[in-house]
Each structure stands twice: as C-alpha cells, then as structure tokens.
Amino acid sequence: MSVRAGREFLAIPGPTTVPDEVLRAMHRPAVDIYSGPLLALTDGLLRDIARVFNTKGHAYIYISNGHGAWEASLTNVLSKGDRVLVLESGRFAIGWGEGARRMGAEVEILKGGLRRAVRPAEVEAHLKADKAKGGKTIKAVLVAQVDTASGVVNDIAAIGQAIRAAGHDALLMVDAVASLGCMPFEMDAWGVDVAMSGSQKGMMTPPGLGFVVANDRAREVHKTAGLRTPYWDWTDREGDQHYQKYAGTPPEHLLFGVRQALDMLFEEGLENVYLRHRLLAEAVRRAVGVWSEGQAIGFNIVEASERADSITCVQVNGHDPEALRAYANHKCGVILGQGIGELSGKAFRVAHMGHVNAPMILGTLSVIEMGLAALSIPHAKGGAQAAIDWLSDQVKV
C-alpha cells in the first residue's frame, strides 16, 4: 500500500522544482536569433545575472551545467603550471580543483573536512607562508559558498578578508551553484574576483545554463591566460556579434525560462527570497534537532552557524538511509537527496532551495518522520511539529 498518488515532491539539491510559470515561458516557438527581441533578451539577462551576484563586473552565459562553468572560470584566468589552492569543506571545491589539475594547474588542498566550514585564519596563514617562500606563488583560491555534499556554508566575506590580510595577490574564485538565488552573494563587497553558478538550483530553471561573472582584476589576468580556448573565452564572448555571446546558436528556450525565473525573484524581492530560505531552512533544522534526540539521526555539519540555508545533510547512524529514501519515494512521493562521496550510504539530504514554500517543506518533513517510524529508526517524535511551531511563530498575520 502507498499514498503516493498526487504531485511528486522533489527535495533533491538540483535539479530543483521548476515553477509552472518558467515552464510556460519556455513552451513557445523558436524565434529569429538575429532579431532585436532576442538581442534585448540577452542584454537584460547579462545585466540581471550580474545584479543577483551583486557585482559591477562582467557576466557571461554558457550552454553548460555547473561543471562547464567551473571550466569556463578556470580556463579564462589560468595558464599551465599555475598553482591553485583549493579550500576543502566537502566534495565540490575538491572537484573543481581536480578539473584545474587535469587542465595542467598545480593544485594543493587546504585540508578541512566534511563536517565544518573553511577556517579563514587557516587560509590567511597558508597564504602568508606561500608568499614568504618567494618564487611562483598561488594564482587562485577555489572555494564553494555552499557545498551540497556536506551541507556547509562558508563565510566568503571572511575568506576574502583573509586573502587581503595575507597581502596575497591570489584571485578569489567562488562556486555559488548551491547558493545563488537562495542567500546573499556580495561579489564586489566580499572581494570575489570570479564567481560561477548554474540554472538548476536557486535560479529555478532546468539544467543547461552556466553563469560566470568576473571583475576587472580577473579580466586583466585573463589577457595573459594560457589555457584560453575558443568556446569558453571571455574576449570572444564580448564581441560585437550576438552569436558570440553564446559561441554559436543561443539556447533560446532556456533563456526564456531564466528570464521568467529572474522576474519572479525580483518580483518577490531578493531580500524576501533570502528570508524565505532562512525560515524554511530553520524549520528543517528544528525538525532534525528533535529527531536527533533518538541518537540515530544527526546533522552532518557540527556547528549550527555553518549549516546552509539551501541544503541540510543528515547522517543516519547505524541505519540505512537508502531504505528511508525508498520509503519516502515509493510510499509517499517525496524524493530525498542521497548522501554522496564519503557520505554515500551514511546520510540523506533535504534540499530547501529555489521554488519551495512551507507546504512543500512541511510535507517533506512529515514524510521523513513517517519513514523513521515505519522503519523503526530511533528518533524523538515531534520533529515536524517543531518545524510547524517555528514557522507559525515567525510568519505572523
């Protein structure tokens, strides 16, 4: 027996639920790629993507997922043999660094872990030591604002300050795939030189678009970068012809979709969007906090202040998280994220990013609590009620 009939709840960290308005915006005939309306669409998107990143820098749109945007960021500022420092706090910055290594960079990792955020003081000390060595210094620092594998959020402002305090010239490059459109990103104020993201999470659009923004310092470094290739190249994409913005045919229907998604974000108001994410994230955390009293359930990220507002990673100690995920999916129609990397088979993940509201989160939490009971996984009861109590206290008449 199941109670699955009805609309499926997708609670994985990407692709996230695509709003009906975005789907409708994409459901239209193709248009002339050389005509005025599409040119105006591109100009508006480049301007508004930079707006979400909070930068006066230059924005670029790629037909790619986040991995493509990783490569676009790297190839435009690095040369073979450049040294890159990766700040570990999960799986994804490490993956970005692996891409740099395969492209010919020398990669070193500032060890962190899967259960805590990057420590800015460690970054400062590492860069001071690097500078004191003399010779070829680190060219770029890679970090994820939110790592969806671990559920951590890193303090990008403090990391930028640490680089400046070290008196180091390394470029600060940030992965904002799991944070853009979910929480503030202050590229210019934080001293970020290059940032990238994708369309499939907080930007509420199907996978297929990668976004990169670069400030003037990064664009100056770009002039002598030796890894530049035609498809990713910023200079080529800044050409006068519209097709150069996409290195060929524009991805029209994805552009129609992300235009609608941006309009929805701006209509709600970015500060309201961020507040909605904070409230719903805390509702999830309240529920997990109650369940954890049974000792089998626990947060992956130890420090409460380091837990992301877009994703929560939950360890299931001594029990099979895949059984819980299967129950939620097959019995109730809720798809939870699986543990990945070192947390595979040890955790599940609850996404609270993008086009998400209170009924979706409360429904997801209720199904998790159903599953914990049905599978006899030790937990304290009342997690879903704790989430309800939190939201009813915060969301006033």
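Residues numbered from 1 in each chain as written. Predicted model: local features only at pLDDT ≥ 70, side-chain atom pairs only at ≥ 80, totals over all residues. Heavy atoms only, no water.

Colleague: Before we move on, can you summarise the overall build of the chain with the specific residues and values?
Modeller: Regarding its fold elements, the chain presents 14 helices and 14 strands. Over its C-alpha trace the chain gives a radius of gyration of 21 Å, about what one expects of a compact globule, namely 21 Å for 397 residues. Taken along its principal axes, the extent of the C-alpha atoms in the chain is 60 × 55 × 40 Å. Relative to its 397 residues, the chain shows a buried fraction of 58%. A separation threshold of at least 6 residues defines the contact pool for the chain, and within that pool the share at least 24 residues apart is 72%. Here the chain displays about 16,100 Å² of accessible surface, and carbon together with sulfur accounts for 53% of that area. (Helix = DSSP H or I, 4+ residues; strand = E, 2+ residues; numbered from the N terminus. Rg over C-alpha atoms; globule rule 2.2 N^0.38 Å. Buried < 20%, exposed > 50% of the residue type's maximum accessible area, 1.4 Å probe, protein only. Contact = heavy atoms within 4.5 Å. Areas by Shrake-Rupley, 256 points an atom, 1.4 Å probe, with all protein chains shown as cover.)

Colleague: I'd love a proper account of the sheet that holds strand β14 (residues 347-351), names of residues and values included.
Modeller: Strand order in the open sheet made by the five strands is β1-β13-β14-β12-β11, with mixed pairing throughout. Each edge of the open sheet is held by one strand with a lone partner, namely β1 (9-11) and β11 (297-299). Strand-to-strand twist of the sheet, defined as the mean angle between neighbouring strand axes without regard to direction, takes the value 35 degrees. Pairing of β11 with strand β12 (residues 311-316), which is carried by three bridges, proceeds in the antiparallel orientation. Paired with Gly298 across the strands is Gln315, a residue of β12. (Pairing = 2+ DSSP bridges. Axes fitted to C-alpha atoms, helices over the stretch in contact; angles between N-to-C directions.)

Colleague: Could you give an account of the packing of aromatic side chains, naming the residues involved and the relevant values?
Modeller: Following the criterion strictly, the structure yields seven aromatic pairs and no others. With 5.3 Å between their ring centres and 55 degrees between their planes, Tyr62 and Trp232 make a pair best called tilted. Here Tyr62 is found in strand β2 (residues 58-63), whereas its partner Trp232 is found in the loop between α8 (216-222) and α9 (234-237), with 170 residues between them in sequence. Across the pair, Trp232 and Tyr62 agree in class, each one buried. (Phe/Tyr/Trp six-rings, centres within 6.5 Å; stacked < 30°, edge-to-face > 60°.)

Colleague: Tell me about the nonpolar core, residues and numbers included.
Modeller: By size, the foremost hydrophobic cluster in this structure holds 56 residues, and its most contacted members are Phe53, Ile61, Leu87, Leu172, Phe185 and Val192. For this core, the element with the highest residue contribution is helix α10 (residues 252-268), accounting for nine residues. Once you skip the residues sitting within four places of it in the chain, Phe53 turns out to touch Ala176, Leu180, Phe185, Glu186, Met187, Ala195, Met196, Ser197, Phe211 and Val213. By size, the runner-up hydrophobic cluster in this structure holds 32 residues, among which are Val284, Val314, Ile368 and Ala387. (Core = buried A, V, L, I, M, F, W, Y, C linked by side-chain atoms within 4.5 Å.)

Colleague: How would you sum up the pattern of salt bridges? Please name residues and give values.
Modeller: Side chains that differ in sign of charge can pair as their charged atoms come close. Taken as a whole and assessed by the stated rule, the structure comprises 25 salt bridges. Residues Lys128 and Glu124 are paired through a salt bridge, measuring 2.9 Å at the closest nitrogen-oxygen approach. Linking Lys128 with Glu124, this pair stays in helix α5 (residues 120-133), spanning four residues, or about one helical turn. Overlapping salt bridges bring together Arg47, Asp48, Arg259 and Asp263 as one network. (Salt bridge = Lys/Arg side-chain N within 4 Å of Asp/Glu carboxyl O.)

Colleague: Account for helix α13 (residues 358-374), naming residues and giving values.
Modeller: Relative to the 24 Å expected for 17 residues at 1.5 Å per residue, α13 spans 24 Å between its end C-alpha atoms, a close match to the ideal helical length. Buried residues of α13: Met360, Ile361, Thr364, Leu365, Val367, Ile368, Glu369, Gly371 and Leu372, and no others. (Expected span 1.5 Å × (residues − 1).)

Colleague: Provide a residue-level description of the environment of Ser64, including the pertinent values.
Modeller: By the element assignment, Ser64 lies in the loop between β2 and α3 (66-75). Residue class for Ser64 comes out buried when judged on its relative accessible area of 9%. Separated by 113 residues in sequence, Ser64 and Val177 have C-alpha atoms that sit 12 Å apart.

Colleague: I'd like to hear about the sheet that holds strand β9 (residues 194-198), residue by residue, with values.
Modeller: Read across the sheet, seven strands follow the order β2-β10-β9-β8-β5-β3-β4 without closing on themselves; strand pairing throughout is mixed. Every interior strand has two partners, whereas the edge strands, β2 and β4 (106-110), have only one. Taken pair by pair, the neighbouring strands of this sheet meet at an average axis angle of 20 degrees, ignoring direction. Bridge count for β2 against strand β10 (residues 209-214) is six bridges, and the pairing is antiparallel. Across the sheet, the residue bridging to Tyr62 is Gly210, located in β10. With respect to the sheet, α5 is in contact with β3 (83-87), β4 and β5 (138-144), its orientation differing from that of β3 by roughly 165 degrees.

Colleague: Any chance you could break down helix α6 (residues 156-165) for me, citing the residues and the numbers?
Modeller: Where α6 is concerned, the buried positions are Ile156, Ile159, Gly160, Ala162 and Ile163. With its buried residues spanning 155 degrees around the axis, α6 presents them on a single face. Packing partners of the buried residues in α6 comprise β3, α5, β5, β8 (171-175) and α7 (187-190). The residue sitting at the N-terminus of α6 and contributing the capping side-chain oxygen is Asp155; that oxygen lies 3.3 Å from the backbone nitrogen of Ala157. Note on α6: the residue one or two positions beyond its end, Gly167, has a positive phi of about 65 degrees. (Arc of directions from axis to C-beta. Polar contact = N/O pair within 3.5 Å; in protein donor to acceptor, adjacent residues only side chain to side chain.)

Colleague: Before we move on, could you go through the environment of Ala170 and cite the residues and values that matter?
Modeller: As for its position among the elements, Ala170 is in the loop between α6 and β8. The exposure class assigned to Ala170 is buried, which follows from its relative accessible area of 2%. Distance from Ala170 to Ala5, taken between C-alpha atoms, is 53 Å for residues 165 residues apart in sequence. What Ala170 contacts, discounting residues up to four positions off in sequence, is Ile138, Lys139, Ala140, Val141, Ile163, Asp193 and Arg217.

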